[in-house]
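Descriptive analysis of the structure
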Amino acid sequence: MKAAPTKITFFEFLTPFVVSGKKTITIRDESECHYVPGTHVEVFTLETDIKVCDIEILSVEPLQYSEINEFHAEQEYLPLPKLKEIISSVYPGTEQLYLISYKLV
Ligand SMILES: CC(=O)Nc1ccn([C@H]2C[C@H](O)[C@@H](CO)O2)c(=O)n1
C-alpha cells in the first residue's frame, strides 16, 4: 500500500492565509486526492519550495467544479470568481475535484 503524502504545496501568494488559519480548505484534482484524514502534512510554497507550516488533514471529499460556491470561497479566503478562475487555470476542463479540509498544527 502507498504511504500517505506528507507534503503539499500552495502558490506563494496564498501561504500567508494558510499560516494565519484564514484558509482552511484547498480544492485539488485526482493527482492530489490521496491525503489521509488525521495525518500531518508539511506545507511548502510552490514556487520556492520553502516550508511555511504544518497542517492536519481533516477530510478529503469529492467535489464537482460546478458545485463550487460562496461557502467554499470563504473557506479558501478568496472571492468566488477568483477561486473559480484559479481552479480553471490549474485544472483546465476538469469537473471532478476533491475538497481537502485541514487545520493548523
Ligand atoms: C501544483 C498545484 O496544482 N498547486 C496548487 C493548486 C491549487 N492551489 C490553490 C489555489 C486555490 O486556492 C486552491 C484551489 O485549487 O488551491 C495551490 O495553491 N496550489
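Source: prediction; values computed, not measured.

**Quick word on the overall build of the protein chain**
- Within the protein chain one finds 3 helices and 5 strands.
- Reading the helices (α) and strands (β) of the protein chain from amino to carboxyl end gives β-α-β-β-β-α-α-β.
- At 13 Å, the protein chain has a C-alpha radius of gyration in line with the 13 Å of a compact globule built from 105 residues.
- In terms of overall dimensions, the protein chain has C-alpha extents of about 35 × 30 × 25 Å along its principal axes.
- Across the 105 residues in the protein chain, those meeting the buried criterion constitute 39%.
- Within the protein chain, residue pairs in contact and separated by at least 24 positions form 72% of the contacts whose partners lie at least 6 positions apart.
- For the protein chain, the accessible area works out to roughly 5900 Å², and carbon and sulfur atoms hold 58% of it.
- The average position of the 9 basic charges and that of the 16 acidic charges among the side chains of the protein chain differ by 4 Å.

**Remarks on the site of the ligand**
- Looking at the ligand, there are 15 residues lining it, with Phe11, Lys23, Thr26, Ile27 and Glu76 nearest.
- In the model, an oxygen atom of the ligand is placed 2.9 Å from a nitrogen or oxygen of the lysine 23 side chain.
- Contact with the protein chains removes 89% of the 430 Å² of surface that the ligand exposes when unbound.
- Contributions of two or more residues to the shell around the ligand are made by strand E1 (7-10), strand E2 (25-28) and helix H3 (80-90).
- Its residues assigned to classes, the shell around the ligand comprises 9 nonpolar, 2 polar and 4 charged.

**Details of the environment of leucine 80**
- In this structure, leucine 80 sits in helix H3.
- Residue class for leucine 80 comes out buried when judged on its relative accessible area of 18%.
- The sequence separation of leucine 80 and asparagine 69 amounts to 11 residues, and the corresponding C-alpha distance is 6.9 Å.
- Ignoring anything within four residues of it in the chain, the contact list for leucine 80 reads Ile68, Asn69, Glu70 and Ala73.

**Let's talk about the sheet that holds E2**
- Across the sheet, 5 strands lie side by side as E1-E3-E4-E5-E2; this open sheet has mixed pairing. At either end of the open sheet lies a strand with only one pairing partner, and these are E1 and E2. Strand-to-strand, the axes of this sheet are offset by a mean angle of 45°, without reference to chain direction.
- Here 5 bridges tie strand E3 (residues 40-45) to strand E4 (residues 51-64), and the two strands are oriented antiparallel to one another. The residue of E4 that forms the bridge with glutamate 42 is aspartate 54.

**What to know about the packing of aromatic side chains**
- Under the definition given, this model contains 3 aromatic pairs.
- Here phenylalanine 10 and tyrosine 102 contribute two aromatic rings whose centre-to-centre distance is 6.1 Å and whose plane-to-plane angle is 65°, an arrangement assigned as edge-to-face. Here tyrosine 102 lies in strand E5 (residues 96-104) and phenylalanine 10 lies in strand E1, a separation of 92 residues in the sequence. In this pair, the class of phenylalanine 10 matches that of tyrosine 102, namely buried.
- Between phenylalanine 11 and phenylalanine 13 the ring centres are 6.4 Å apart and the planes differ by 15°, which places this aromatic pair in the stacked class.
- Residue classification places phenylalanine 13 among the partly exposed positions, given a relative accessible area of 44%.

**Focus: the UniProt feature "domain: ASCH" (unreviewed entry) in the protein chain**
- If you check UniProt for "domain: ASCH" (unreviewed entry), the listed places come out as residues 8-105 in our numbering.
- Between the end C-alpha atoms of residues 8-105 the distance is 14 Å, and the span holds 23% helix and 37% strand.

Rules behind the numbers
Residues numbered from 1 in each chain as written. Predicted model: local features only at pLDDT ≥ 70, side-chain atom pairs only at ≥ 80, totals over all residues. Heavy atoms only, no water. Helix = DSSP H or I, 4+ residues; strand = E, 2+ residues; numbered from the N terminus. Rg over C-alpha atoms; globule rule 2.2 N^0.38 Å. Buried < 20%, exposed > 50% of the residue type's maximum accessible area, 1.4 Å probe, protein only. Contact = heavy atoms within 4.5 Å. Areas by Shrake-Rupley, 256 points an atom, 1.4 Å probe, with all protein chains shown as cover. Lys, Arg positive; Asp, Glu negative; His and termini not counted. Charge placed at Lys NZ, Arg CZ, Asp CG, Glu CD. Near = heavy atom within 4 Å. Polar contact = N/O pair within 3.5 Å; in protein donor to acceptor, adjacent residues only side chain to side chain. Nonpolar A, V, L, I, M, F, W, Y, C, P; charged D, E, K, R; others polar. Pairing = 2+ DSSP bridges. Axes fitted to C-alpha atoms, helices over the stretch in contact; angles between N-to-C directions. Phe/Tyr/Trp six-rings, centres within 6.5 Å; stacked < 30°, edge-to-face > 60°. UniProt positions renumbered as here; feature names shortened; annotations may be inferred.

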